[in-house]
Amino acid sequence: MTIKVIYPSEKANDKRYAYKLTKARSKAIKELNDGDTVRVLGYCEYEDVNAKGETHNILCIMDENGNTFSTISATFRNSFDDIANIMDGEDFAITIVKGTSKAGRDFVDCELA
């Protein structure tokens, strides 16, 4: 496992915080409902290898209650990264957006709440 980004950066050396965002059980973002809002307290982006030997980039978000939500969706991660960069350290929340692509595949994305 390789941690790429951990926010807030002051928590980068907090092993319990890193564990919570990388190894503890988390709810899948795709299990949230369309329109749900998540207030982002912290997040971590990391790379990990699954049991099949496949490498995945994972985003895990922590809300104000300490709940964690994770995803490997590139679409979601890109939108989240855009929001986090624009907010530049300010508090923010995201709204879950679900849809179906032209190819008929379900997807999950996010917007600034």
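Because the structure is a prediction, the values reported are computed rather than measured.

Calculation criteria
- Residues numbered from 1 in each chain as written.
- Predicted model: local features only at pLDDT ≥ 70, side-chain atom pairs only at ≥ 80, totals over all residues.
- Heavy atoms only, no water.
- Pairing = 2+ DSSP bridges.
- Helix = DSSP H or I, 4+ residues; strand = E, 2+ residues; numbered from the N terminus.
- Expected span 1.5 Å × (residues − 1).
- Buried < 20%, exposed > 50% of the residue type's maximum accessible area, 1.4 Å probe, protein only.
- Arc of directions from axis to C-beta.
- Polar contact = N/O pair within 3.5 Å; in protein donor to acceptor, adjacent residues only side chain to side chain.
- Core = buried A, V, L, I, M, F, W, Y, C linked by side-chain atoms within 4.5 Å.
- Contact = heavy atoms within 4.5 Å.
- Salt bridge = Lys/Arg side-chain N within 4 Å of Asp/Glu carboxyl O.

A. Looking closely at the pairing of strand S4 (residues 55-63). As paired strands, strand S3 (residues 37-49) and S4 are joined by nine bridges and run antiparallel to one another. By the bridge assignment, tyrosine 46 is partnered in S4 with isoleucine 58. What sits between the antiparallel neighbours S3 and S4 is a turn of five residues, in which glycine 53 has the positive phi angle 85°.

B. Structural detail: helix H2 (residues 74-87). For H2, spanning 14 residues, the distance from its first C-alpha to its last is 20 Å, which sits close to the expected 20 Å at 1.5 Å a residue. When H2 is considered as a whole, its buried residues turn out to be Phe76, Arg77, Ser79, Phe80, Ile83, Ala84 and Met87. Down the axis of H2, the smallest arc covering the buried residues is 165°, so these residues share one side. The outward face of H2, more than 90 degrees from its buried face, is lined by the exposed residues Asn85 and Ile86. Put simply, serine 73 is the residue that caps the front of H2, since its side-chain oxygen is 3.4 Å from the backbone nitrogen of threonine 75.

C. Representation of the pairing of strand S6 (residues 92-100) in the model. Note: S3 against S6, four bridges, orientation antiparallel. Opposite arginine 39, over in S6, you have alanine 93 as the bridge partner. Direction of pairing for S6 relative to strand S7 (residues 106-112): antiparallel, over a ladder of seven bridges. Note on S7: the bridge partner recorded for valine 97 is aspartate 109.

D. How the structure looks around the nonpolar core. Among the nonpolar cores identified, the biggest contains 18 residues, and Ile29, Ile61, Phe76, Phe80, Phe92 and Ile94 are the most heavily contacted of them. Elements with a minimum of two residues in this core: S3, S4, H2, S6 and S7. Excluding its chain neighbours within four sequence positions, the residues that come into contact with isoleucine 29 are Ile61, Phe69, Ser70, Thr71, Phe76, Ile96 and Val108. Counting nine residues, the second-largest nonpolar core is a separate cluster that includes Ile6, Ala18, Leu21 and Ile58.

E. Focus on the pattern of salt bridges. Applying the stated criterion across every chain yields a total of three salt bridges. Here lysine 23 makes a salt bridge to aspartate 48, at a shortest N to O gap of 3.5 Å. Pair noted here: lysine 23 is in the loop between helix H1 (15-22) and strand S2 (27-28) and aspartate 48 is in strand S3, with a separation of 25 residues, a long-range link. Ionic pairing is found between arginine 39 and aspartate 91, a salt bridge with its closest N-O pair at 3.7 Å. With arginine 39 in strand S3 and aspartate 91 in the loop between H2 and S6, this pair connects stretches of sequence that are 52 residues apart. Using a relative accessible area of 39% as the deciding quantity, one classes arginine 39 as partly exposed. Classification of aspartate 91 as exposed rests on a relative accessible area of 61%.

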